[in-house]
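# Structural description and commentary
Given next are the chains, with one letter for each unit.
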Amino acid sequence: MSTVDQKEIEHFTLLKNFWWNDNPLHSYNSFRIQFLKDGLINAGFKIRNPDFPLEKIKIMDVGCGGGILAESLARAGAQVTGIDASEKLIKVAKDHVKLNRNISEKVNYIHTTIEDFANKESENSTYDAVISSEVLEHVSDQQLFLKECVKIVKPGKSIFLTTINRTLTSWLSTIIASEYIFKIIPCGTHTWNKFITPHEVQCILKNYGCEIRSIRGTKLNPMTSKWSWSSTLSTFYLLHAIKQKETGV
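Everything numeric here is computed off the predicted structure, so don't read it as measured data.

## Things to note about the pairing of strand 6 (residues 210-221)
As paired elements, strand 6 and strand 8 (residues 236-243) share eight bridges and run antiparallel to each other. Bridging from a neighbouring strand, glutamate 211 pairs with isoleucine 242 of strand 8. Of the strand pairs in this sheet, strand 6 and strand 7 (residues 226-230) are connected by five bridges, and their pairing is antiparallel. The partner of asparagine 221 across the bridge, within strand 7, is lysine 226.

## Describing the environment of threonine 163
Structurally, threonine 163 can be placed in strand 5 (residues 153-164). C-alpha of threonine 163 to C-alpha of threonine 235: the two residues are 72 residues apart in sequence and 8.5 Å apart in space. In this structure, threonine 163 is in contact with Glu134, Leu136, Glu137, Ile196, Thr235, Phe236 and Tyr237, ignoring residues within four places of it in sequence. Of the polar contacts made by the side chain of threonine 163, one reaches the side chain of glutamate 137; its length is 2.7 Å.

## Details of the environment of isoleucine 110
For isoleucine 110, the location among the structural elements is in strand 3 (residues 107-111). A sequence separation of 134 residues divides isoleucine 110 from glutamine 244, and the C-alpha atoms of the two residues are 27 Å apart. Setting aside anything within four residues of it in sequence, one finds isoleucine 110 in contact with Thr81, Gly82, Ile83, Asp84, Ile90 and Phe117.

## As for the packing of aromatic side chains
As enumerated under the stated definition, the model contains eight aromatic pairs in all. Ring geometry for tyrosine 28 against tryptophan 227: centres 3.8 Å apart, planes inclined by 10°, an arrangement best described as stacked. Here tryptophan 227 lies in strand 7 and tyrosine 28 lies in helix 2 (residues 24-42), a separation of 199 residues in the sequence. Note on tyrosine 28: relative accessible area 0%, which makes it buried. Taken together, the ring pairs connect Tyr28, Phe31, Trp227, Trp229 and Phe236 into an aromatic cluster. We note lysine 58 situated over the ring of tyrosine 127; from NZ or CZ to the ring centre the distance is 4.8 Å. The ring of tryptophan 229 carries the charged tip of arginine 216 above its face, separated from the ring centre by 3.7 Å.

## Side note on the packing of helix 7 (residues 142-151) against helix 9 (residues 198-207)
At a minimum axis distance of 10 Å, the contact between helix 7 and helix 9 shows a crossing angle of 50°. On the basis of their axis angle, the class for helix 7 and helix 9 is oblique. Considering the relative orientation of helix 7 and helix 9, their crossing is right-handed. Between helix 7, through Gln143, Leu146 and Val150, and helix 9, the contact on the second element is made entirely by Val201, Ile204 and Leu205. Of the residues assigned to the contact of helix 7 with helix 9, the class counts are five nonpolar, one polar and no charged.

## Focus: the UniProt feature "binding site: S-adenosyl-L-methionine" (unreviewed entry) in the chain
Within this structure's numbering, the places UniProt gives as "binding site: S-adenosyl-L-methionine" (unreviewed entry) are Arg32, Gly63, Asp84 and Ser133. As for the annotated residues named above, the ones lining the largest cavity are Arg32, Gly63, Asp84 and Ser133. Among the structural elements, aspartate 84 can be located in strand 2 (residues 79-84). Apart from residues no more than four positions distant in its own chain, aspartate 84 is found in contact with Gly63, Cys64, Gly65, Leu89, Ile90, Ile110, His111 and Thr112. A polar contact is formed between the side chain of aspartate 84 and the backbone nitrogen of cysteine 64, at a distance of 3.4 Å. Tracing the sequence through the fold places serine 133 in strand 4 (residues 127-133). With a relative accessible area of 7%, serine 133 lands in the buried category. Among all residues touching serine 133, those that are not within four sequence positions of it are Arg32, Val62, Leu69 and Thr162.

How each quantity is defined
- Residues numbered from 1 in each chain as written.
- Predicted model: local features only at pLDDT ≥ 70, side-chain atom pairs only at ≥ 80, totals over all residues.
- Heavy atoms only, no water.
- Pairing = 2+ DSSP bridges.
- Helix = DSSP H or I, 4+ residues; strand = E, 2+ residues; numbered from the N terminus.
- Contact = heavy atoms within 4.5 Å.
- Polar contact = N/O pair within 3.5 Å; in protein donor to acceptor, adjacent residues only side chain to side chain.
- Phe/Tyr/Trp six-rings, centres within 6.5 Å; stacked < 30°, edge-to-face > 60°.
- Buried < 20%, exposed > 50% of the residue type's maximum accessible area, 1.4 Å probe, protein only.
- Lys NZ or Arg CZ within 6 Å of the ring centre and 35° of its normal.
- Axes fitted to C-alpha atoms, helices over the stretch in contact; angles between N-to-C directions.
- Parallel < 35°, antiparallel > 145°, perpendicular 65-115°, else oblique.
- Left-handed = near helix turned anticlockwise from the far one by under 90°.
- Nonpolar A, V, L, I, M, F, W, Y, C, P; charged D, E, K, R; others polar.
- UniProt positions renumbered as here; feature names shortened; annotations may be inferred.
- 1 Å grid on protein atoms, 1.4 Å probe; cavity = no way out; pocket = protein on both sides within 12 Å on 5 of 7 lines; lining within 4 Å.

Right under this line is the structure:
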């Protein structure tokens, strides 16, 4: 079994020059980092250095693409491993992180899939946090993907996901408006029936021994390319879960 959807990999590989241009993922970073910090604090982590709030945290970025989120995590002090199934995107990420000596030693990029990585790790459950951002809606087997993510998290530690709800609102805003009208996201990036509801994600994670801690909604204004927190989960949402000591995985 594989989590890889080859068509998705080919699509994102063609967009390799898109990653470090001005695109919505960059402006989304402040929301992703804030949600992750808040979740870690809620789970008992204490920030000792405000300049590097994620210092001494070992994080896995699953589906890291060209490294936008991974670099931000490293700048916040984290030790980051980024994996992606696209060899060319991993090259983009490796080339870009070399431009910043302050973080280049804090980031390790690997071309692999989550299932292969989890199976080859000599010891599972080695990360303080696993984050997978805007990836779940692009994999071929969402249940297997989440199962493998759970494997590599230490018991009692955190899993963070950001993805897109499967609603009429998400179809209109994310696909019709953002891709085809305002073109702030490349056309063909999203497939509506691969979006996943918060309830579905919660059920899968609970089956693998995870406790849901928080879920927050965000929205992207396709006219301004600006993000904001949302009072609903109708489109984009961020989810934080804790892996319990006995997972059954």
